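Residue-level structural notes
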Amino acid sequence: MIDVNKIRKDFPILKRKVNGQDLIYFDNAATSQTPLQVIEVITDYYSRLNANIHRGVHQLSQEATDAYEEARIKIQKHFNAAEAYEIIFTAGTTESINLLASGYNSLLKPGDELIISALEHHSNIVPWQMLCEKTGAILKVIPMTLNGSLDIESYHSLLNSKTKLIFVNHVSNALGTINPIKEIINEAHTYGAKVLIDGAQACPHIKTDVQELNVDYYVTSAHKLCGPTGVGMLYGKKELLRALPPYQGGGEMIASVTFEKTTYAGLPHKFEAGTPNICGGIAFGAALDYMNNLGFDVISKYEAELLAYATNSLKKIEGIKIYGEGLDKTAVISFNIGDIHPYDLGSILNQMGIAVRTGHHCAQPIMDFYEIPGTVRASFSFYNTFEEIDIMVTALKKAVLMLQ
Ligand code: 7TS
């Protein structure tokens, strides 16, 4: 059982006021808030440890290196990767995907096929389009259905011996759909294709076991699960990462450099050029500790209760349309009310201290599918309460009266 009042004390930001009202933070799918336990690790890093890593014999550099590598091991254990060096630190999901797309540049030939889903965030669309332009590979799309899930029958018919890579999100950011990734991965493997799962939206809600899934690549951002911005990870199976060319050239990713020839370092350093976000990496590990101490089973059970409660309460508002209702989904509700523009609803909620996201949520193809400019998206976390949902519903009713 979650003691939400106790948990909320861990999050200083939840005490602040916005426009004279208590902040109600329902934009967790954009970024999650940071608990004191993680803030303290960040403060401690800059107060006691700050040094560059992997390069100094001095004490501070060694301690910072140890803390950074311990964080890598925490991430490895959390996702159950076979080896710590299969975890590559990146700046976040977007950079992880760009790293992969850049590597595949030399692995693809014209006519090779890539499969994407209709539910993707732009960061899992645009890098692949850029890659197709460079390589002559062809991008195919798994369509979505009206209820916001993937049309898996169509996926089966898109696969063939030319399919090289499939990239699908674990959870849709715009609708919260939990995609059947196990089935997608198993089916892809029968054709020898590899699968990248974008776990940005899954990681705050679901504890993923990459070996159990047998996924080839899995990416996420720390800031979605109570960690800082600007840091994330790429998991890849070691044999695939070894075969992938480096992303950026620079310091720390080499074995030797002469003007005639450079040889690259082994994993994970081959993909980690330059001074990384050292403090961010360490805080990523602390965020996983925090979430695991609460327990993902407990978190997802409580969030499911919040979702059910919010869905029921919102449905009582006349003219509301919830996109992706009844799905197997995380605690995300995307909706519109009548023909009110989502931006107007979001602005009025903001005046009442309530943070939601409005717009296309970097998933324009989903909005095009529903023929809407965007939605209001309320996304919940384990530190949200039923009372906050009541306040949002009342605020929405007031907003409708003002706008209609
Ligand atoms: N993939 C998915 C599924 C996402 O939801 C996001 C961010 C990204 C990739 C990109 O992550 P980043 O950390 O590299 O920026 N999603 C959102 C969102 O839904 N609202 O703001 C950011």
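Residues numbered from 1 in each chain as written. Predicted model: local features only at pLDDT ≥ 70, side-chain atom pairs only at ≥ 80, totals over all residues. Heavy atoms only, no water.

Examining the site of the ligand
The condition is simple: Any residue with at least one heavy atom within 4 Å of a molecule or strand is counted as near it. Think of a polar contact as two N or O atoms within 3.5 Å of one another; within protein, one of them needs to be a possible hydrogen donor and the other a possible acceptor, and neighboring residues in sequence only count if both atoms come from side chains. Areas reported here follow the Shrake-Rupley algorithm with a probe of radius 1.4 Å; residue values treat only the protein chains shown as occluding. Polar here means any residue other than Ala, Val, Leu, Ile, Met, Phe, Trp, Tyr, Cys and Pro, which are nonpolar, and Asp, Glu, Lys and Arg, which are charged; Gly is therefore polar. What counts as a domain boundary in this text is fixed by an automatic or database domain assignment.
Near the ligand, the surroundings consist of 15 residues, among which Thr94, Asp198, Gln201, Ser221 and Arg357 are the closest. With respect to the ligand, the side chain of Lys224 contributes an N or O atom lying 2.9 Å from a nitrogen atom. In the model, a nitrogen atom of the ligand is placed 2.6 Å from a nitrogen or oxygen of the Arg357 side chain. In isolation the ligand exposes 490 Å². Once the protein is present, 86% of that is buried. Classifying every residue of the shell around the ligand by side-chain character gives 3 nonpolar, 8 polar and 4 charged. Residue-level mapping places the shell around the ligand at the junction of two domains, with at least three residues from each of domain 1 (4–30 + 295–403) and domain 2 (39–292).

A short note on helix 5 (residues 126–135)
The line we're drawing: To sort residues, take the accessible area from a 1.4 Å probe on protein chains only and compare it with the maximum for the residue type: under 20% means buried, over 50% means exposed, and anything in between is partly exposed. Counting from the N terminus, the helices are DSSP H or I runs at least four residues long and the strands are E runs at least two residues long. The arc under discussion is defined with respect to the helix axis, by the directions toward the C-beta atoms.
When helix 5 is considered as a whole, its buried residues turn out to be Pro127, Trp128, Leu131, Cys132 and Thr135. Relative to the axis of helix 5, the buried residues are bounded by an arc of 140 degrees and lie together on one face. Looking one or two places after helix 5, you find Gly136, whose phi comes out positive at around 80 degrees.

Here we look at the domain arrangement of the chain
The condition is simple: Contacts between residues were defined by any pair of non-hydrogen atoms, one from each residue, lying within 4.5 Å. Buried area counts how much accessible surface, traced with a 1.4 Å probe, disappears from two parts once they are put together, with both parts' losses summed. By definition here, a salt bridge exists when the distance from a side-chain nitrogen of Lys or Arg to a carboxyl oxygen of Asp or Glu is within 4 Å.
For the chain, the assigned domains are domain 1 (4–30 + 295–403) and domain 2 (39–292). For domain 1 and domain 2, the distance between their C-alpha centres works out to 28 Å. Counting residues at the interface gives 32 residues for domain 1, matched by 34 residues for domain 2. With both chains or domains summed, domain 1 and domain 2 bury close to 2,600 Å², and 61% of this area falls on carbon and sulfur atoms. The three residues of domain 1 that bury the most area against domain 2 are Phe296, Thr330 and Ile366, which together make up 25% of that side's buried surface. Seen at the junction of domain 1 and domain 2, the total is 0 salt bridges.

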